[in-house]
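# Structure assessment
Listed here are the chains, written in short residue letters.
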Amino acid sequence: MRAAQPALFSALVMIPAIPVFGDAPTFYKNILPILQNRCLACHRPGEAAPMPLRTFAETRPWAKAIRQAVVTKKMPPWFADPHFGKFRNDLSMTAEEIATVVAWVDAGSPEGSPKDAPPPALFAEGWRISQPDVVFEMPETFSVPATGTVDYQNFTVPTRFSEDRWMEMAEVRPSNRAVVHHAIVMVSDGPGSWRGARQYLAGYAPGMSPQTWPAGQARLIRAGSTLTFQMHYTANGKPGLDRTRIGLVFSKERPQKQVLAMTAAHYGLSIPANAPNYTVDSAAGIYEDAELVGMRAHMHLRGKSFEFRVVLPNGESQVALRIPKYSFEWQPYYYLDKPIPLPAGSRIECTAVYDNSKNNPWNPDPNSPVFWGEQSWEEMMIGWFDIAVPIKDTAPAPTGHAQPRRNPATTPAAPARAGSAPKARFP
Ligand code: HEC
């Protein structure tokens, strides 16, 4: 009989791509550590996922669904094409982790001994970032009607910061996700509500990750700045109340690099009815030496795919992020593992593809042409990206305008602006 020995032999000589379990993996020993690292950010009370997965009792009824979700890579949600770029917030599981989950479910999801459990995962209650140093909320609760179109709502909150503050994490949290289409918090460095250079600070969209910057990089909020919550609510058939908040974690040390939010957008969108593969481009120029640290794509329900490229001054082009299957439900930030240098004169180029055909299950109306607009049944094309620039000690830190001044000399493909002819093509 060929029993234990060959198995032992193969385990010793082969370097297994998947783990070899003498005994079946157990919940406490093998599964809980994976859940803590990969799932609990969302699968705990108060977060976006429908069911918590903190304990054996909570997880066991979902075992088969979990197996299915991890094998098909539906969970954890992650949409970047793995051939391009490495991301420090990549949620995807390793082949070994997937194999462990499969082996556990196939063995009947054994519980094992609580003695093998890892230390409990620590999360700040009510936040995905660590415990915020300061929280600002909308000054009043907004009441969303059951039906109809709700215009953008703006709410202004003074920070009352008496000195400039550097920030290493930011998270915008609706109190009622069911009615919030998206939220943008802008910062203006004047005391007046809409005065001063307004800049995008942080935002919320479905499936969006909180904003976090690695050690040494930070966003600046000037003393006396004001925050504006720009809220886009969507009526969903039931009236709802919302009071969105933003939590900020301050940098513990003075950073070396300032992070600025920029966009490459194509405002002149005009997507023909029934077009299955409508493609548009956008670009933004970089005017001083910087590095690319993160990206996020924003389209609405016709969005199909999105790509970011870095184009160096010598014309060399590199894909920084490709999202082959865009989903409005999932708009995470993609933070690069290693920032990509952007010497002055570089460009960020984006390409977006839309499916306005009836084959797109999310399409509210394939027979209508679609234009740029705020509502979900209209469209947008925005490549958000964060760059980091060195902070010069001698000069005051830069104010960080959302779009650095444009220099046509270095940017032949300047970002499209409202009213400009759409630069679209049919493949
Ligand atoms: C970024 C947040 C997030 C992370 C991380 C995440 N989930 Fe989810 N999960 C969700 C949301 C939101 C839903 C409900 C919407 C959906 O099904 O798309 C969901 C749904 C599910 C479902 C139900 C799927 C179905 O087909 O109905 C399973 C099972 C699941 N998650 C398992 C996991 C496991 C296991 C992990 C970790 C390995 C994980 N999820 C990580 C947010 C997350």
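Since we're looking at a predicted model, the values are computed, not measured. In this numbering scheme, every chain counts its residues from 1 along its sequence in written order. With the structure being a predicted model, the display of local features is reserved for residues of pLDDT at least 70 and the display and counting of side-chain atom pairs for 80 or more, all residues being used for whole-chain, interface and lining totals.

## Section: the overall build of the protein
Heads up, the condition is: Elements are defined by DSSP. Helices are runs of H or I of four residues or more, strands are runs of E of two residues or more, and each kind is numbered from the N terminus. Buried, partly exposed and exposed are defined by the number of other C-beta atoms within 10 Å of a residue's own C-beta, namely 20 or more, between the two limits, and 12 or fewer respectively, with C-beta atoms placed from the backbone.
Secondary structure assignment for the protein yields five helices and 22 strands. The buried share among the 427 residues of the protein stands at 36%.

## Observations regarding the site of the ligand
For the record, the criterion: In this analysis a residue is considered near a molecule or strand if the C-beta atom, reconstructed from its backbone, is found within 6 Å of that molecule or strand. When residue character is reported, Ala, Val, Leu, Ile, Met, Phe, Trp, Tyr, Cys and Pro are called nonpolar, Asp, Glu, Lys and Arg charged, and the others, Gly included, polar.
Neighbouring residues of the ligand: 18 residues in total, closest Cys-39, Cys-42, Ala-49, Met-75 and Pro-76. By residue number, the principal contributor to the shell around the ligand is helix α4 (residues 63-71), which donates four residues. Within the shell around the ligand, the residues separate by chemical class into 16 nonpolar, one polar and one charged.

## Considerations on helix α2 (residues 27-38)
Let me state the cut-off plainly: Once C-beta atoms are placed from the backbone, any two residues with those atoms within 7 Å are in contact.
By the burial criterion, the buried members of α2 are Phe-27, Asn-30, Ile-31, Leu-32, Ile-34, Leu-35 and Arg-38. For α2, the elements touching its buried residues are α3 (56-59) and α5 (95-106).

## Re the confidence of the model for the protein
Reading predicted coordinates in detail is not appropriate for stretches of low pLDDT. Just so we agree on the cut-off: By definition, pLDDT measures how confident the predictor is in each residue, and it falls between 0 and 100.
In the predicted model, the protein carries a mean pLDDT of 86, and 85% of its residues have values of at least 70. Every residue in residues 1-17 scores below 50 in pLDDT, and together they form two contacts with partners more than four places removed in sequence or on other chains. Under a pLDDT of 50 for its full length, residues 394-427 has, in the predicted model, 64 contacts with residues more than four places off or in other chains.

## A few points about the sheet that holds strand β6 (residues 198-204)
Convention followed: Only strands that DSSP links by at least two bridges are regarded as paired with each other. Angular values range over 0 to 180 degrees, each being the angle between N-to-C directions of two axes fitted as lines to C-alpha atoms, with helices fitted over their stretch in contact.
Reading across the sheet, the four strands line up as β3-β9-β5-β6 and stay open at both edges, with antiparallel pairing between neighbours. Where the open sheet ends on each side, the last strands, each with one partner, are β3 (153-158) and β6. For this sheet the average axis-to-axis angle between neighbouring strands, irrespective of direction, equals 25°. As paired elements, strand β5 (residues 180-188) and strand β9 (residues 226-233) share eight bridges and run antiparallel to each other. Across the sheet, Val-185 pairs through a bridge with Phe-229, a residue of β9.

## Here's the deal with the packing of α4 against α5
Stated formally: Comment on the angle field: the value is read as roughly parallel under 35 degrees, roughly antiparallel over 145, roughly perpendicular from 65 to 115, and oblique elsewhere. In this scheme the handedness of a crossing depends on how the near helix is turned from the far one: anticlockwise by less than a right angle means left-handed, clockwise means right-handed.
Axis separation between α4 and α5 bottoms out at 9 Å; the angle between their running directions is 150°. One way to sum up the angle between α4 and α5 is to call them roughly antiparallel. Here α4 and α5 pass one another in a crossing that is left-handed. Counting all contacts with α4, which are made through Ala-63, Lys-64, Ile-66, Arg-67, Val-70 and Val-71, the residues of α5 involved are Ile-98, Val-101, Val-102 and Val-105. The residue makeup of the contact of α4 with α5, split by class, is eight nonpolar, no polar and two charged.

## Considering the nonpolar core
Note the following rule: Residues enter a nonpolar core if they are buried, belong to Ala, Val, Leu, Ile, Met, Phe, Trp, Tyr or Cys, and are joined to the set through C-beta atoms within 7 Å.
Counting 76 residues, the largest nonpolar core has Met-167, Val-185, Leu-292, Ile-348, Ala-352, Phe-385 and Ile-387 as the members making the most contacts within it. When residues in this core are grouped by element, the largest group, six residues, is from strand β12 (residues 257-265). Dropping the residues within four chain positions of it, Ala-352 is found in contact with Val-280, Met-299, Gly-303, Phe-306 and Met-381. Within the second largest apolar cluster, 14 residues are counted, among which are Leu-32, Cys-39, Val-70 and Val-105.

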